[in-house]
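Take a look at the letters that make up each chain.
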Amino acid sequence: MFQLGKTLVSEEIIEKDFVCNLSACKGACCIAGDAGAPVADDERQIMKDIYPKVKPFLRPEGIAAIAEQGIYTTNEDGEHETPLIDGADCAYVIFDKNKTALCAIEEAYSQGEITWKKPVSCHLYPIRVRDYSEFSGVNYDRWPICDDACSLGKELQVPIYKFVKPALIRRFGEDWYAELEEVAKAMGK
């Protein structure tokens, strides 16, 4: 771990390679697991505001899950998450013709209906940020369903921090990312 401002960063985001390989995993991170994607406090109102424009992109079961659970849920630790369909798929998941899971929020963004891409936790993946009172932990979330992404990243020689550059800048800013690049250079990456 190393410190950048008020963050403690795992060296793994510099040392490990990663490039999403949707043709291999079919977007499994959006349909597997036991919880929805984290929703930051400052994103809750955004999600409420954009929902009418996102709703036409959703599957009927996603609309039903959101109607029943809310635009986001709150877990037992008081953290906010996207709701799930029957404890599995994120309620915001849609599928393309190849049955690859995509994000309805991102689809609405891509089609110019909204100006917000998606929750930053999704944009950052495979990085997970955990906020504490004095600092934020920035870690690589290793998950077997992403093995193909690790292989593709290694083949293309793309470290995690480069793969998620726009998301890291969105979350921490340009100056923070420039400092991260300096650390990576010093580490030989």
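The structure reproduced in this document is the subject of the present report. All values derive from a computational prediction rather than experimental measurement. (Residues numbered from 1 in each chain as written. Predicted model: local features only at pLDDT ≥ 70, side-chain atom pairs only at ≥ 80, totals over all residues. Heavy atoms only, no water.)

1. A look at the sheet that holds strand 11 (residues 136-140)
Argument step 1. Read from one edge of the open sheet, four strands run 1-2-11-10, paired in mixed fashion. What marks the edges here is a single partner per strand, and that holds for strand 1 (2-4) and strand 10 (127-131). When strand polarity is set aside, the average angle formed by the axes of neighbouring strands in this sheet is 25°.
Argument step 2. Bridge count between strand 10 and strand 11: five bridges; the pairing is antiparallel. Within strand 11, the position partnered with Ile127 by the bridge is Tyr140.
Argument step 3. Here helix 10 (residues 174-186) sits on the sheet in contact with strand 1, strand 2 (7-9) and strand 11, set at roughly 150° to strand 1. (Pairing = 2+ DSSP bridges. Helix = DSSP H or I, 4+ residues; strand = E, 2+ residues; numbered from the N terminus. Axes fitted to C-alpha atoms, helices over the stretch in contact; angles between N-to-C directions. Contact = heavy atoms within 4.5 Å.)

2. Quick notes on the pairing of strand 11
Argument step 1. The buried count for strand 11 comes to four of five residues, which makes it a mostly enclosed element.
Argument step 2. For strand 2 and strand 11, the ladder comprises three bridges, and the chain directions are parallel. Within strand 11, the residue paired with Thr7 across the bridge is Ser136.
Argument step 3. Between strand 10 and strand 11, which pair antiparallel one after the other, the connecting turn spans four residues. (Buried < 20%, exposed > 50% of the residue type's maximum accessible area, 1.4 Å probe, protein only.)

3. Looking at helix 7 (residues 147-156)
Argument step 1. For helix 7, every residue scored as buried is listed here: Ala149, Leu152 and Gly153. Summarising the axial view, the buried residues of helix 7 lie within an arc of 100°, below the 170-degree limit, and thus occupy one face. Facing away from the buried side of helix 7 by more than 90 degrees, the exposed set consists of Lys154 and Glu155.
Argument step 2. After helix 7 finishes, the residue Gln157 shows a positive phi value of roughly 60°. (Arc of directions from axis to C-beta.)

4. Notes on the pattern of salt bridges
Argument step 1. Inspection of every chain in the model, using the stated rule, returns nine salt bridges.
Argument step 2. Put simply, Glu12 and Arg142 hold a salt bridge, and the shortest N to O gap is 2.1 Å. Here Glu12, found in helix 1 (residues 12-15), pairs with Arg142, found in the loop between strand 11 and helix 7; they are 130 residues apart in sequence, far enough to count as distant.
Argument step 3. One salt bridge connects Glu106 with Lys117, and the closest N-O pair in it is separated by 3.6 Å. Here Glu106, found in helix 5 (residues 104-110), pairs with Lys117, found in the loop between helix 5 and helix 6 (120-124); they are 11 residues apart in sequence, far enough to count as distant.
Argument step 4. The class of Lys117 is partly exposed, set by a relative accessible area of 25%.
Argument step 5. Within the structure, one salt-bridge network assembled from shared partners comprises Arg59, Glu61 and Asp89. (Salt bridge = Lys/Arg side-chain N within 4 Å of Asp/Glu carboxyl O.)

5. With respect to the sheet that holds strand 5 (residues 80-81)
Argument step 1. The three strands are arranged 3-5-4 in an open sheet whose pairing can be described as antiparallel. Looking at which strands have only one partner, the edges of the open sheet turn out to be strand 3 (38-39) and strand 4 (73-74).

6. Some remarks on the packing of aromatic side chains
Here the distance between the centres and the angle between the planes together describe a pair of aromatic rings.
Argument step 1. A complete count under the given rule lists five aromatic pairs for this structure.
Argument step 2. Here the aromatic rings of Phe18 and Phe163 are separated by 5.6 Å at their centres, their planes lie at 55°, and the arrangement is tilted. Remark: Phe163 occurs in helix 8 (residues 160-163) and Phe18 occurs in the loop between helix 1 and helix 2 (22-25); sequence separation between them is 145 residues. (Phe/Tyr/Trp six-rings, centres within 6.5 Å; stacked < 30°, edge-to-face > 60°.)

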